[in-house]
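Each chain is listed here by its residues.
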Amino acid sequence: MDRAVFAARVTEAISREPLINIRREEVALIDENQITVIATGPLTSDVLSQDIGRICATNLGDTSTRTGAPAPHSLFFYDSISPIVEADSIDMGKVYLAARYDKGSADYINCPMTKEDYDCFYDELLAAQSVEARDWEKLNYFESCLPIEEIARRGRDTLRFGPMNRSG
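(A) Quick look at the pattern of salt bridges. Scanning the model with the defined rule gives 8 salt bridges in all. Linking Arg54 and Asp51 is a salt bridge whose minimum nitrogen-to-oxygen distance equals 2.7 Å. In this pair, Arg54 and Asp51 are both assigned in helix α2 (residues 46-60), 3 residues apart and thus about one turn of the helix distant. Relative accessible area serves as the criterion here: at 31%, Arg54 is assigned to the partly exposed category. With a relative accessible area of 5%, Asp51 lands in the buried category. The residue Lys115 makes a salt bridge to Asp119 at a minimum N-O spacing of 2.8 Å. One end of the pair is Lys115 and the other is Asp119, both in helix α3 (residues 115-127) and 4 residues apart, which spans about a single turn. One salt-bridge network, in which partners are shared between bridges, spans Lys115, Asp119, Asp123 and Arg156.

Here's what the structure looks like:
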């Protein structure tokens, strides 16, 4: 998938929607009297993080601090960092396109592997350099959305029964 094209198309579709009000500015306080979608991440300002914490504490009854905001361990940001493969590095003669769960359009490039191919892939995956966590990042992975190398560390065959399973 071309991430830039995808992002541009999503932005365009959202921008055309008359019921969505887009604000391209820093938001410090959330208006609880209107429906709000908050798209933020680990670089969120402290003031917005505190307001998100205040709302969570109010709605979840988590008053673990004197301010009513949740304890620092209560809020986490998850990012879907996917391995990136350059399209021109794929030998299209060795792969096939298919739909996920055999439903919809054939948007997935499937790369069949022999046992030797898989063993080489697995060994290289575990030996590959990973992005190191920064001091401010807490790696509390969401179990259903683990990075592929984390799944692989659970055992040589784990990938074969998870994300690399032909039926999944």
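(B) Examining the side chain of Asp51 more closely. A polar contact of 2.6 Å, which involves the side chain of Asp51, links it to the backbone nitrogen of Ile30. Setting aside residues no more than four positions away along its own chain, Asp51 makes contact with Ala28, Leu29 and Ile30.

(C) Layout of the packing of aromatic side chains. As enumerated under the stated definition, the model contains 1 aromatic pair in all. Between Tyr118 and Tyr122, the ring centres sit 6.3 Å apart and the planes meet at 25 degrees, which makes this aromatic pair stacked. Residue Tyr118 and its partner Tyr122 are both found in helix α3; the two are separated by 4 residues, about one turn of the helix. Across the pair, exposure class does not vary: Tyr118 and Tyr122 are buried alike.

Thresholds applied
- Residues numbered from 1 in each chain as written.
- Predicted model: local features only at pLDDT ≥ 70, side-chain atom pairs only at ≥ 80, totals over all residues.
- Heavy atoms only, no water.
- Salt bridge = Lys/Arg side-chain N within 4 Å of Asp/Glu carboxyl O.
- Helix = DSSP H or I, 4+ residues; strand = E, 2+ residues; numbered from the N terminus.
- Buried < 20%, exposed > 50% of the residue type's maximum accessible area, 1.4 Å probe, protein only.
- Polar contact = N/O pair within 3.5 Å; in protein donor to acceptor, adjacent residues only side chain to side chain.
- Contact = heavy atoms within 4.5 Å.
- Phe/Tyr/Trp six-rings, centres within 6.5 Å; stacked < 30°, edge-to-face > 60°.

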